[in-house]
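Architecture and fold: a report
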Amino acid sequence: MTVPAVSFEFFPPKNLEASFRLWDTVQVLSPLMPRFVSVTYGAGGTTRELTRDAVGTLHKNTGLNVAAHLTCVNATRDETMQIVEGFAKAGVTDIVALRGDPPKGEGQFTPTPGGFANSVELIEALSATGQFTLRVGAYPEKHPEAADSDADIAWLKRKIDAGAAEALTQFFFEPETFLRFRDRCAKAGIEAPIVPGILPIENWPGLRRFAQACGTAIPAWLDDAFDKAIRDGRQDLLATALCTEMCDTLLSEGVEKLHFYTLNKPELTRDVCHALGVTPRAKLEKVA
């Protein structure tokens, strides 16, 4: 079996306890030698400063390649590019460029006056600096705001053509969802790597609600499996087995890279990586 190259997504801590949890997560997963780790932006740009601080701290103290998420929400072009300049000065060379979710309570995205209208404009501006490796989001199932799945693929091609080097997908529950999407992207002329986003199921009821909000298809068999596993206290075993099996199927179909959404809870991600042959190779030397 091919051993995949892995990357991990974290979110910035909002309090001291969450800071310790993030650092514990980094300590558990960094020995797996990820090709990069990313730090998210909250909905509506609510964690802009927290993201900047977390990116800077991780970059300085871990030796990891840290990618900063950046969105178009609640910032002018000048404000956004000032943030970008700060990332560059801190030695950050990777950015995950996203349009971003609208602020809480707002039903749809509305560009900030003087801001970037969409992710393509943001990517073009970042690409023009020549300073960053750019990654973007991709949707193997229709984005809630898209007219149809063809529109999603057309928009992804625009983002790649604007300067993005790689796409990271939204999570999904069955490998065929990604494989069909990959084939359609190739047919549309998208040549950049498309990396499946993997979300180990830490809490099925909560994730199920989130999946519904994202428009992610929920297979009936998955509901049944977790209903039984939760009754028997075996949900973590089931989650590890299902995630490992899905990743194994993807690898057997030629996938070489996996991007894990950790939710700052590293154990399931670590266990899946170990099962796939991704084993510890180093330890952090510095402590935040």
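Preceding this paragraph is the structure being described.
A brief report on the enclosed structure follows. As the structure is a computational prediction, the values presented were derived from the model and not from experiment.

**Description of the overall build of the protein**
Along the backbone of the protein there are ten helices and nine strands. Its C-alpha radius of gyration of 18 Å places the protein within 12% of the 19 Å reference for a compact globule of 288 residues. For the protein, the C-alpha atoms occupy an extent of roughly 55 × 45 × 40 Å along the three principal directions. Within the structure as shown, the protein displays about 13800 Å² of accessible surface, and the carbon and sulfur contribution to it stands at 50%.

**Quick look at the side chain of Ser7**
You can see Ser7 is positioned in strand 1 (residues 5-10). Given the relative accessible area of 0%, Ser7 is considered buried. At 2.7 Å, the side chain of Ser7 and the side chain of His259 are in polar contact. The residues touching Ser7, leaving out its near neighbours within four places in the chain, are Pro34, Arg35, Phe36, Leu258, His259 and Phe260.

**Regarding a negative patch on the surface**
A surface patch of like charges, here negative, comprises Asp24, Glu202, Asp236 and Glu267. Among the secondary structure elements, Glu202 is positioned in the loop between strand 8 (197-198) and helix 7 (204-214).

**Focus on unusual backbone geometry**
With a phi close to 55°, Met33 is a non-glycine residue in the positive phi region. Looking at the secondary structure, you find Met33 in the loop between helix 1 (16-29) and strand 2 (37-39). One non-glycine residue, Asn74, adopts positive backbone phi at about 55°. Relative to the helices and strands, Asn74 resides in the loop between strand 3 (66-70) and helix 3 (77-89). For Asn74, a relative accessible area of 44% puts it in the partly exposed group.

**Focus: the sheet that holds strand 5 (residues 133-138)**
If you walk across this open sheet you meet the nine strands as 7-6-5-4-3-2-1-9-8, and the pairing is parallel. Unpaired on one side and paired on the other, strand 7 (194-195) and strand 8 mark the two borders of the sheet. Direction of pairing for strand 4 (residues 94-97) relative to strand 5: parallel, over a ladder of three bridges. Bridge pairing in strand 5 links Val96 to Arg135.

**Re the pattern of salt bridges**
Tallying each qualifying case throughout the model produces twelve salt bridges. Between Lys157 and Asp161 there is a salt bridge, and its shortest N-O distance comes to 3.1 Å. Separated by four residues within a single helix, Lys157 and Asp161 lie in helix 5 (residues 149-161), roughly one turn from each other. On the basis of relative accessibility, which here comes to 27%, the residue Lys157 falls in the partly exposed class. Its relative accessible area of 56% is what places Asp161 among the exposed residues. The network of salt bridges with common partners includes Arg35, Asp94, Arg135, Glu166 and Lys257.

**A short note on the pairing of strand 4**
In strand 4, alternate side chains face the same way, and those of Asp94 and Val96 on one face and Ile95 and Ala97 on the other are all buried. Pairing of strand 3 with strand 4 involves four bridges; the strand directions are parallel. Considered in strand 4, the bridge of Leu70 is made with Ala97. Handedness of the crossover joining strand 3 and strand 4 through helix 3 is recorded here as right-handed.

Reading guide: rules and limits
- Residues numbered from 1 in each chain as written.
- Predicted model: local features only at pLDDT ≥ 70, side-chain atom pairs only at ≥ 80, totals over all residues.
- Heavy atoms only, no water.
- Helix = DSSP H or I, 4+ residues; strand = E, 2+ residues; numbered from the N terminus.
- Rg over C-alpha atoms; globule rule 2.2 N^0.38 Å.
- Areas by Shrake-Rupley, 256 points an atom, 1.4 Å probe, with all protein chains shown as cover.
- Buried < 20%, exposed > 50% of the residue type's maximum accessible area, 1.4 Å probe, protein only.
- Polar contact = N/O pair within 3.5 Å; in protein donor to acceptor, adjacent residues only side chain to side chain.
- Contact = heavy atoms within 4.5 Å.
- Patch = residues over 30% accessible without salt bridge, like charges linked within 9 Å, V, L, I, M, F, W, Y side chains within 5 Å.
- Salt bridge = Lys/Arg side-chain N within 4 Å of Asp/Glu carboxyl O.
- Lys, Arg positive; Asp, Glu negative; His and termini not counted.
- Charge placed at Lys NZ, Arg CZ, Asp CG, Glu CD.
- Pairing = 2+ DSSP bridges.
- Right-handed = clockwise from strand over helix to strand, strands pointing away.

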